[in-house]
Amino acid sequence: DNGAGGKQEVLGMQYANYVQPTVDINGETYKVQLEVVDNRTAAENGPSAAAELVNKGVSIVLGSYGSGVSMAGGTVFAEAGVPAIGVTCTNPQVTSDCDVYFRICFLDPFQGTVLANFASKEFGAKKAYCLSKLGDDYSGGLCHYFVEAFKALGGEVVEETFPEGNSDFTSYITTAQNSGAEVFFSPVSTEAAALIIDQAAGNGMTMPILAGDTWDSNVITGAAKGKNVKVCVTTFFDEGAESEAAQAFVSGIKEWINSDATAKANNGGNDMISAVTAMGYDSYFTALEALKNAGSTNPADVLKALPTTTYEGVTGAIAFDEIGDAKRDAAYIKTANTETGAWDFVKIQGID
């Protein structure tokens, strides 16, 4: 379900490894080898994927794309004493329930509140429709925090879930339209998102569609292009970010993607840079800083070094709190341009 986003997150790590394939530790230069393991977006595969990485003797783990699979693999990493840096897995339990897991992204309580505030203030919404996937930690968790924040603002919410394997969202869209909701919130996988956008447009749904970071993908802009829909997302990075480091990153990775057919295919066939790719890039360099600070490639030493490791990334300053979460207090909000098929930057939003 989340294959497109997972490939784009790893793409950032692969480009970072291309930019800097070595790391100097205590005066000795090491070649950095990436071991990529696919858990196929399924929590039940999380432990086996994690075990495969542990068996390969990795010093540190980056990922996984998706909170559910990250939580499922966390127990294996904890038992082995291998540190992990979550890149865009936003559910609080990734780190709160696992001592070896850190992360560089904001959390769902923050993201859900930002989205609720945006729905209320930007669209004047008093009633919201929320749709998540049954049993999915990410969409269910983010909907929970959105609902909590939206109700605190005096709003009313209609909530529904859809089962695994569902591809027809017409009944949910109809329920949303008939409910009197003014915004449609559904932070689900990119695969489901594309179907929701297509079917919402086909059923004449005019209310804004809101979602979280998983929707920051060219899969979404491609689905919205040419359709009468309004899609807004919260995310970690904007391709048009003005910092010199961000612009150098965007320029460099676009050139790399366009020169590598596999990279371009893994990026959905074009060179639009998603926020998860930028976060993947920053996670790699954060890991290198941890290795240097540890003065060792031993996982136990790297784990001890991580709490005090910092890095100034293209997505902003990275530092960890006492739980291992990133100290982040702002999200980018973007909207899909249905004419150009690109993202338009709206604002950087914190919690008011």
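One can find the structure itself at the top, above this paragraph.
The model shown is predicted, which means the values in this text are computed figures rather than measured ones. (Residues numbered from 1 in each chain as written. Predicted model: local features only at pLDDT ≥ 70, side-chain atom pairs only at ≥ 80, totals over all residues. Heavy atoms only, no water.)

**Points about the nonpolar core**
Most often, soluble globular proteins keep nonpolar side chains buried together rather than apart. As a reminder, the rule being used: What makes a nonpolar core is a set of buried Ala, Val, Leu, Ile, Met, Phe, Trp, Tyr and Cys residues whose side-chain atoms join them at distances within 4.5 Å. The rule is simple: take the accessible area with a 1.4 Å probe, protein chains only, and divide by the maximum for that residue type; under 20% is buried, over 50% is exposed, in between is partly exposed. Contacts: residue pairs with any heavy atoms within 4.5 Å of one another.
Phe146, Phe150, Phe185, Leu210, Phe237 and Phe249 are the most contacted members of the largest nonpolar core, which has 64 residues in total. Look past the residues within four positions of Leu210 in its chain and what remains in contact with it is Leu115, Phe118, Ala119, Phe123, Val183, Phe184, Phe185, Ser186 and Cys232. Counting 30 residues, the second largest nonpolar core, distinct from the first, contains Val188, Ala200, Val233 and Ala336.

**Description of the packing of aromatic side chains**
So the rule is basically this: For Phe, Tyr and Trp, rings pair up if their centres lie within 6.5 Å, where Trp contributes its six-membered ring, and each pair is then called stacked (planes under 30 degrees apart), edge-to-face (over 60) or tilted (otherwise). Helix and strand assignments come from DSSP, with helices taken as H or I runs of at least 4 residues and strands as E runs of at least 2, each series counted from the N terminus.
Counted under the stated rule, the structure contains 22 aromatic pairs. Seen in terms of ring centroids, Phe146 and Phe150 are 5.5 Å apart; in terms of plane orientation they differ by 10°. Their pairing is stacked. Remark: Phe150 and Phe146 occur in helix α6 (residues 137-152); sequence separation between them is four residues, near one turn of the helix. For the pair Phe146 and Phe150, a shared accessibility class is recorded, and that class is buried. An aromatic cluster is defined as three or more aromatic residues linked by ring pairs; in this entry it consists of Tyr15, Tyr18, Phe237, Phe249, Trp256, Tyr281, Tyr284, Phe285 and Tyr311.

**A word on the pairing of strand β1 (residues 22-25)**
Our working definition: Two strands make a pair as long as DSSP finds a minimum of two bridges between them.
Only one face of β1 is buried: it carries Val23 and Ile25, and the other face, with Thr22 and Asp24, is open. Of the pairings in the sheet, the one linking β1 to strand β2 (residues 28-31) comprises four bridges and is antiparallel in character. In the sheet register, Thr22 faces β2, and the bridge partner there is Lys31. Counting the residues in the hairpin turn of β1 and β2 gives two residues, including Asn26, whose phi is positive at 50°.

**Side note on the sheet that holds strand β8 (residues 183-185)**
Two orientations exist for strands paired in a sheet by backbone hydrogen bonds: parallel and antiparallel. Stated precisely, the cut-off is as follows: To define axes, lines are fitted to C-alpha atoms, for helices over the stretch in contact only, and angles between the resulting N-to-C directions are given on a 0 to 180 degree scale.
The seven strands are arranged β7-β6-β8-β9-β10-β13-β14 in an open sheet whose pairing can be described as mixed. In this open sheet, the two edge strands, each paired with only one partner strand, are β7 (156-162) and β14 (342-349). Across the sheet, the axes of successive neighbouring strands diverge by a mean angle of 25°, strand direction being ignored. Against the sheet, α6 contacts β6 (127-133), β7 and β8, and its axis sits at roughly 165° relative to β6.

**Quick word on the sheet that holds strand β3 (residues 61-62)**
The parallel open sheet is built from three strands, whose spatial order is β3-β4-β5. The open sheet has two free edges, formed respectively by β3 and β5 (101-103), since each of these has just one partner strand. Bridge count between strand β4 (residues 84-86) and β5: three bridges; the pairing is parallel. Within the sheet, the bridge partner assigned to Ala84 lies in β5 and is Tyr101.

**A short note on the environment of Glu160**
Which entries qualify depends on this criterion: By the criterion applied in these results, polar contacts are pairs of N or O atoms within 3.5 Å in which, for protein atoms, one can donate a hydrogen and the other can accept it, and in which residues neighboring in sequence qualify only through two side-chain atoms.
Topologically, Glu160 is positioned in strand β7. Of the residues examined, Glu160 reaches a relative accessible area of 26% and is grouped as partly exposed. For the pair Glu160 and Tyr18, spaced 142 residues apart in sequence, the C-alpha separation works out to 44 Å. Filtering out sequence-adjacent residues up to four positions away, Glu160 remains in contact with Tyr129, Cys130, Leu131, Ser132, Tyr172 and Thr175. Here the side chain of Glu160 touches Tyr129 through a polar contact of 2.4 Å, side chain to side chain.

**Some thoughts on the environment of Ile173**
One can find Ile173 in helix α7 (residues 170-179). As for Ile173 and Leu131, which are separated by 42 residues in sequence, their C-alpha atoms are 9.5 Å apart. When sequence neighbours within four positions are dropped, the list of residues in contact with Ile173 reads Phe184, Ile196, Gln199, Ala200, Asn203 and Met205.

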